[in-house]
Amino acid sequence: MTENENLTPEDQAPQDEKLLEAPDERIFRLEQELQEMRDKWLRAEAEMANLRARTKREVEDARLYAVQKFARDVVEAAENLKRGIDSLPKKVEDEPELVTKLRDGFEGIERSFVGILERNGITRIDPTGAAFDANLHQAMAEQESAEHPAGTVLQAWSQTWQLNGRLLRPAMVVVSKAPAQA
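Residues numbered from 1 in each chain as written. Predicted model: local features only at pLDDT ≥ 70, side-chain atom pairs only at ≥ 80, totals over all residues. Heavy atoms only, no water.

Enquirer: Is there a simple way to explain the packing of aromatic side chains in this structure?
Expert: For any two aromatic rings, the description comes down to two numbers: the centre-to-centre distance and the angle of the planes. Following the criterion strictly, the structure yields 0 aromatic pairs and no others. Directly above the aromatic system of Y65 lies the positively charged group of R166, at a separation of 3.6 Å from the ring centroid. (Phe/Tyr/Trp six-rings, centres within 6.5 Å; stacked < 30°, edge-to-face > 60°. Lys NZ or Arg CZ within 6 Å of the ring centre and 35° of its normal.)

Enquirer: Is there a simple way to think about the sheet that holds strand 4 (residues 160–163) in this case?
Expert: Whether parallel or antiparallel, the strands of a sheet pair through hydrogen bonds between backbone atoms. Taken together, 3 strands build an open sheet; the order of strands is 1-4-5 and the sheet is antiparallel. Of all strands in the sheet, those bounded by a partner on one side alone are strand 1 (122–125) and strand 5 (166–169). Neighbour to neighbour, the strand axes of the sheet diverge by 35 degrees on average, direction disregarded. The sheet contact formed by strand 4 and strand 5 spans 3 bridges and is antiparallel. In the strand pairing of strand 5, L163 is matched with R166. Of the strands in this sheet, strand 1, strand 4 and strand 5 touch helix 4 (residues 68–87), which is tilted by about 50 degrees from strand 5. (Pairing = 2+ DSSP bridges. Helix = DSSP H or I, 4+ residues; strand = E, 2+ residues; numbered from the N terminus. Axes fitted to C-alpha atoms, helices over the stretch in contact; angles between N-to-C directions. Contact = heavy atoms within 4.5 Å.)

Enquirer: Before we go on, may I ask you to explain the pairing of strand 4 in this structure?
Expert: Each regular strand shows side chains that alternate between the opposite faces of the sheet. Burial of the side chains of strand 4 extends over both faces: T160 and Q162 are buried on one face and W161 and L163 on the other. Sheet topology places strand 1 next to strand 4; 4 bridges connect them, and they run antiparallel. If you follow T123 over to strand 4, its bridge partner there is Q162. The antiparallel hairpin formed by strand 4 and strand 5 contains 2 residues in its connecting segment, where N164 sits at a positive phi of about 50 degrees. (Buried < 20%, exposed > 50% of the residue type's maximum accessible area, 1.4 Å probe, protein only.)

Enquirer: Is there a simple way to explain the packing of helix 4 against helix 5 (residues 97–119) in this structure?
Expert: Helix packing geometry: the angle between the two helix axes and the distance between the axes. At a closest axis distance of 10 Å, the pairing of helix 4 and helix 5 adopts a crossing angle of 155 degrees. Between helix 4 and helix 5, the crossing angle belongs to the class labelled roughly antiparallel. With respect to the hand of their crossing, helix 4 and helix 5 are arranged in left-handed fashion. Side by side, helix 4 and helix 5 meet where V74, A77, A78, L81, K82 and I85 of the first sit next to F106, E107, I109, E110, F113 and L117 of the second. Taken together, the residues of the contact of helix 4 with helix 5 break down into 9 nonpolar, no polar and 3 charged. (Parallel < 35°, antiparallel > 145°, perpendicular 65-115°, else oblique. Left-handed = near helix turned anticlockwise from the far one by under 90°. Nonpolar A, V, L, I, M, F, W, Y, C, P; charged D, E, K, R; others polar.)

Note that all results are geometric; they support no functional claim without further evidence.
Now the structure itself:
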């Protein structure tokens, strides 16, 4: 038997009166509870959407930049290859064919190597002639120059290297400064 079946009609009347005496108040309380639950649900949905977006961003960053340490090492090898090519004697007309073939071979290897790096998101940027940017360049020296505005990169000792737009290695540069007043 249920609880209401045990009650006599006299006992049930005060309970029914309680329900009938404040229906507006009860509806108001239920609407407040509904609104609280709706707010909690919306907050939980927003929190889940933020969590999904943050997780997606973190996974994407991990995918793009997981090889950052390896990329720095490979970039160093590319820089050394470039230094080696730059240290070869300049091309002259009557140089031995062997030297020409070696130079051409090393230059081809360097082009291929840089192409492989670029296909994998590693890019090289030559800063020569650009305005000095402390986020991309490391100033190694300043040099007076009347031909260039102050703060211009005159010479790059090494290139700027980036992995998917993120700095791997800053360029080591010589920056112009205004000539001293005589």
